[in-house]
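Observations on chain architecture
As a plain string of letters, each chain reads:
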Amino acid sequence: MIVIENQRDLSKHGNKVHHSALVATMGNLHEGHLALVDLAKKKADQVIVSIFVNPLQFSPREDFAEYPRTLSEDIKLLEDRKVDFLFLPQEKMFFPQGKENAFTIKVPSYLADVLCGKTRPHFFHGVASIVFKLFQFLKPKIAIFGEKDYQQFLVIKEMVDQFALDVKLYKSKIIREKNGLALSSRNRYLTKELREKAHLIHRYLLLAKKGMVEGNFDFNFFKKESISSLEREGIMVEYFEIRDNGNLALLENDFTKGRIFLAAKIGSTRLIDNLNIS
Ligand code: PAF
């Protein structure tokens, strides 16, 4: 695996990198990321994985400093998967004049200020800014993102469309533990006991979907029931909403294009999940 750390390495390997499929990550890789790599391998002859813990997507009160950094394990996993390139940029490459003086992308409010954006107002601007730069540096022909971060996927898709960026996006389905818990780097913050409880997040999404598919379209009923049941288990729900798959508009009556989104705190760990019901 060739490691690219700076502009010089990039100029040397650029041509091959441009034909690759990119999997952008913040490291601390798990099976969910490896599923993205597997899809990337199907879509292109060469795969590049980037690892960069992006400070722009954390607020000062969030876990940037504690975010798990496990580079040597990550490298081993990527080598085992026969990934061709690892992009491991220094902050300087993204922010030559410092973070405060970086050019950034402003994501429109209908995507940036709903769901996760309500409690993390900086988040999607930070993601879009860094992904834009990744696309500019690496010019991959394909990029793969995970469906677990569905809102992030839509933000990136809209950015690619509006800026006419020359990259084809794919989303890779959510990888879950046997009990249904969606894989996430933040799961490692959970004790064994909380990890067992955390699968309830997926369970209540499934129950709501099942009810609605069977013809009970009273989403508010499922929402209320789920929130109170989860809260009885100590899982504090931040949002439980049904929104349009394409533009995240809140749905009231017609759920045919719907997706249910859930964010909750279990202990001090915030987890997200979603389920397509259309
Ligand atoms: O999903 C992530 O890991 C990050 O948000 C991303 C896309 C790598 C941007 O920093």
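That block above? That's the structure.
Calculation rules
Residues numbered from 1 in each chain as written. Predicted model: local features only at pLDDT ≥ 70, side-chain atom pairs only at ≥ 80, totals over all residues. Heavy atoms only, no water. Helix = DSSP H or I, 4+ residues; strand = E, 2+ residues; numbered from the N terminus. Rg over C-alpha atoms; globule rule 2.2 N^0.38 Å. Buried < 20%, exposed > 50% of the residue type's maximum accessible area, 1.4 Å probe, protein only. Contact = heavy atoms within 4.5 Å. Areas by Shrake-Rupley, 256 points an atom, 1.4 Å probe, with all protein chains shown as cover. Lys, Arg positive; Asp, Glu negative; His and termini not counted. Charge placed at Lys NZ, Arg CZ, Asp CG, Glu CD. Salt bridge = Lys/Arg side-chain N within 4 Å of Asp/Glu carboxyl O. Polar contact = N/O pair within 3.5 Å; in protein donor to acceptor, adjacent residues only side chain to side chain.

With that out of the way, let us pick up the overall build of the protein chain. Counting its regular elements, the protein chain contains eleven helices and nine strands. What you see for the protein chain is a C-alpha radius of gyration of 19 Å, in line with the 19 Å of a compact globule of 278 residues. Seen through its principal axes, the protein chain has C-alpha atoms that stretch 60 × 40 × 40 Å. By residue count, 53% of the 278 residues in the protein chain fall in the buried class. A separation threshold of at least 6 residues defines the contact pool for the protein chain, and within that pool the share at least 24 residues apart is 71%. Of the roughly 14,000 Å² that the protein chain leaves accessible, carbon and sulfur atoms contribute 51%. Computed over 42 positive and 35 negative side-chain charges, the inter-centroid distance for the protein chain is 2 Å.

Moving on to the pattern of salt bridges. Evaluated as defined, the whole model comprises 16 salt bridges. D38 is the partner of R81 in a salt bridge, and the nearest nitrogen-oxygen pair spans 2.9 Å. Of the two residues, R81 is situated in the loop between α3 (71-80) and β4 (85-87) and D38 in helix α2 (residues 31-43); the sequence distance between them amounts to 43 residues. Where D63 meets R186, a salt bridge forms, and the shortest distance between an N and an O atom there is 3.1 Å.

This part takes up the side chain of N187. Of note, N187 is situated in the loop between β6 (168-172) and α9 (192-198). On the basis of relative accessibility, which here comes to 2%, the residue N187 falls in the buried class. Engagement of the side chain of N187 in a polar contact is seen with the backbone oxygen of A182, the distance being 3.0 Å. Dropping the residues within four chain positions of it, N187 is found in contact with E177, L181, A182, R195 and L271.

Positive phi, close to 60°, is recorded for K82, a residue that is not glycine. Residue K82 is classed as exposed on the basis of its relative accessible area, which comes to 59%. Phi at K139 is positive, roughly 45°, even though this residue is not glycine. Given a relative accessible area of 49%, K139 falls into the partly exposed group.

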